Amino acid sequence: MDAVAQMEAKTGKTRQNSTSARNVAQHLVQQLTLWGVERIYGVIGDGNLFLLDELGKQNRITYIACRHETNAAIMASADAKLTGKLAVCTCTSGPGLASIMNGLADAWADRVPLLLISGHVESTAIGLGGVQDINQQLLIQPLAEFSSLVADSHVFPKLLNKAGKTALHKGGVAHLSVPKEIWQLPVTGSFFPLPIKATPATPSPEQLIKAAQLIDKAKRPILLAGRGIESAQSYALQFAEKIQAPLMVTMPAKSFVPNDHPLFIGGLGHAGTEISRELLAKADLCIVFGATWWPSDYVPKTVQTVQIDAAVENIGESHPVAAPVVGDLSTVISQLTSHVRQKKNEQYVAEISKKKLAWNNRIEEESKLESPTDSISPAYAFSVLQKCIDDDAVITLDVGDHTVWFERIFQLKRQKLIISGTWRTLGFGLPAGIACQLAMPDRQVVSVAGDGGVAYSIMELITAVTHKLPLTLFIMNNQSYAMEKNRMIVEGLDTLGSQIPNPDYAALAKACRVESIRVSKSEELEPSIRQALSSRTTSVVEIMCTAPVLPHTKILKGMDAGNH
């Protein structure tokens with residue numbers, strides 16, 4: 001069945017209707033439907049009114065009307081991270097495009113497929129410097145793998161196809177800028193089948209042999225796994241068990257490894273574990289599976305690395321690599337497992353076990369009730385949250401002090417963690433949670449944000465209520481930008497700008513027709529969490545918490561002062 005026939009089957013239209021009276025807006029909606037797009041996130045403006053009119057006439061794609069363009073792009077980025085599919089957002093010209101840039105940067109930095117359709121001023125007004133006129137291709141250039149102005153309606157099908165292919169093939173942002181009058185002009189051209197993602201390269205025997213030789217020679221190997229192992233989780237564990245190596249993870253990959261596995265030693269970095277820091281410092285080889293995270297202040301300069309990744313551009317991105325291997329992670333790790341020799345290092349395994357036990361005891365102590373009666377420690381809050389959240393929940397995290405406490409304390413099971421990995425924008429948690437709940441309506445979705453980050457996006461609670469989402473938002477309110485404040489304190493700086501007067505977020509949520517409660521006593525925390533999670537409507541729990549300083553808190557990065 002060709003693309004047009006597939007379109008007819010989906011829409012019930014005849015071939016005659018599919019090939020004749022079709023304008024740019026209609027073609028876009030029909031082509032995205034054929035590609036399986038279910039949602040478009042956006043904010044209304046003069047530049048996309050004809051598109052919204054067309055979306056309003058059909059029910060195959062749901063339009064999610066957002067309160068801010070940044071949040072629309074964050075929703076699309078989170079959608080793509082959760083589903084792996086092409087996600088779409090839209091905005092108007094000029095300030096609409098400028099406002100959406102921060103959310104686009106999240107998709108760009110984490111390399112997820114996102115298509116932006118922006119409106120533009122009339123073609124006859126482009127370049128004249130009038131209302132909302134700017135060079136939109138130049139504005140978006142740093143963040144887009146592909147960007148084009150639609151100057152002729154008849155080439156729109158080819159441009160749309162190229163944009164979709166680029167976003168999926170390269171993993172990133174593709175952009176089409178559509179002048180107002182172009183939306184209603186006729187289209188000649190076919191529909192295109194769904195673009196395919198890039199196929200990982202096949203590793204050469206030489207790459208595998210070199211990697212295996214280095215691994216066989218290593219006396220104290222250590223593994224670092226990133227989100228690239230999502231489809232290769234069992235292979236990664238089998239490999240770790242064969243070479244008896246401790247397994248560290250980046251934050252997005254924490255749920256891909258059983259946190260109670262004897263070889264699992266937690267995260268690497270500020271929010272990571274002392275185990276990973278200490279064992280990496282003594283390691284003679286680090287084997288990196290599908291990760292680009294390489295924090296300079298937590299990795300020794302001299303450690304050799306074997307890096308395995310499906311994307312060649314990720315190899316050696318942040319540090320020299322002794323043995324690169326490019327290919328599908330499942331295939332490569334399986335082949336590598338058969339190449340390497342079985343290691344038996346009882347002393348090393350005993351050391352890992354001893355350190356892991358000591359770390360777990362430390363975290364248990366940190367999580368005990370130790371806060372004043374009018375506030376709750378973040379460690380205790382996350383230990384309680386861990387008990388209450390479903391084992392297969394989707395958790396979206398905002399950026400802030402609560403993020404490092406979450407990674408330090410929360411032991412993941414089968415939960416899916418969605419974060420702003422590289423861009424780390426404040427305001428990510430709530431809009432990301434909305435998108436994830438829309439994409440997976442039957443799954444528990446939980447968002448966690450700090451009082452600083454939630455201020456960026458809290459009005460999107462109205463969006464959640466509008467779509468009747470059973471999303472739960474937890475706000476960790478320490479009444480400050482705590483991460484920055486603590487770094488300033490440690491460095492002896494004035495803490496100007498770190499103390500923030502907040503509204504009563506629970507009351508603000510109620511004004512948005514959301515079930516909400518503010519909790520400041522430890523004994524009230526678990527009942528409040530369970531009540532919110534059991535609700536079938538949007539709910540908010542504002543947790544008044546302390547802001548203790550985490551170990552290794554500092555501003556400048558580097559293993560020692562010589563790296564500053």
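Residues numbered from 1 in each chain as written. Predicted model: local features only at pLDDT ≥ 70, side-chain atom pairs only at ≥ 80, totals over all residues. Heavy atoms only, no water.

Peer 1: Could you give an account of the overall build of the protein, naming the residues involved and the relevant values?
Peer 2: For the protein, the helix and strand inventory stands at 20 helices and 18 strands. C-alpha extents for the protein along the principal axes are approximately 75 × 60 × 45 Å. Here the protein, with 564 residues, has 58% of them falling under the buried criterion. Intrachain contacts of the protein at a sequence separation of at least 6 include 75% that bridge at least 24 residues. Working note: accessible area of the protein is about 23,100 Å², and carbon and sulfur atoms make up 53% of it. (Helix = DSSP H or I, 4+ residues; strand = E, 2+ residues; numbered from the N terminus. Buried < 20%, exposed > 50% of the residue type's maximum accessible area, 1.4 Å probe, protein only. Contact = heavy atoms within 4.5 Å. Areas by Shrake-Rupley, 256 points an atom, 1.4 Å probe, with all protein chains shown as cover.)

Peer 1: Describe the environment of Asn161, and please don't skip the residues or the numbers.
Peer 2: The residue Asn161 is located in helix α8 (residues 156-171) in this model. For Asn161, a relative accessible area of 12% corresponds to the buried category. Taking the C-alpha atoms as reference, Asn161 lies 23 Å from Ala311; in sequence the two are 150 residues apart. The contacts of Asn161, once residues within four sequence positions are left out, are Trp35, Phe192, Pro193 and Pro195.

Peer 1: How would you sum up helix α4 (residues 49-56)? Please name residues and give values.
Peer 2: Here α4 has its buried residues at Leu51, Leu52, Glu54 and Leu55. Within α4, the buried residues cover an arc of 160 degrees as seen down the axis, which keeps them to one side. Packing partners of the buried residues in α4 comprise α3 (24-34), β1 (39-42), β2 (62-65), β3 (87-91) and β4 (114-120). (Arc of directions from axis to C-beta.)

Peer 1: How would you sum up the sheet that holds strand β8 (residues 247-249)? Please name residues and give values.
Peer 2: Spatially, the six strands line up as an open sheet ordered β9-β8-β7-β10-β11-β12, and their pairing is parallel. Of all strands in the sheet, those bounded by a partner on one side alone are β9 (264-267) and β12 (323-326). With strand direction ignored, the average angle separating the axes of adjacent strands in the sheet is 20 degrees. Here strand β10 (residues 285-289) pairs with strand β11 (residues 305-309) via four bridges, running parallel. Bridging from a neighbouring strand, Phe289 pairs with Ile308 of β11. Strands in contact with helix α10 (residues 233-243) are β7 (221-225), β8 and β10; relative to β10, the strand with the most contacts, it is inclined by about 165 degrees. Across the sheet, helix α12 (residues 329-339) touches β10, β11 and β12, and the angle it forms with β11 is around 140 degrees. (Pairing = 2+ DSSP bridges. Axes fitted to C-alpha atoms, helices over the stretch in contact; angles between N-to-C directions.)

Peer 1: Report on the confidence of the model for the protein, specifying residues and quantitative values.
Peer 2: Per-residue pLDDT for the protein has a mean of 92; in total, 94% of the residues score no lower than 70. This stretch, residues 1-5, has a pLDDT under 50; its non-local contacts, to residues over four places away or in other chains, come to 10 contacts. (pLDDT = per-residue confidence, 0-100.)

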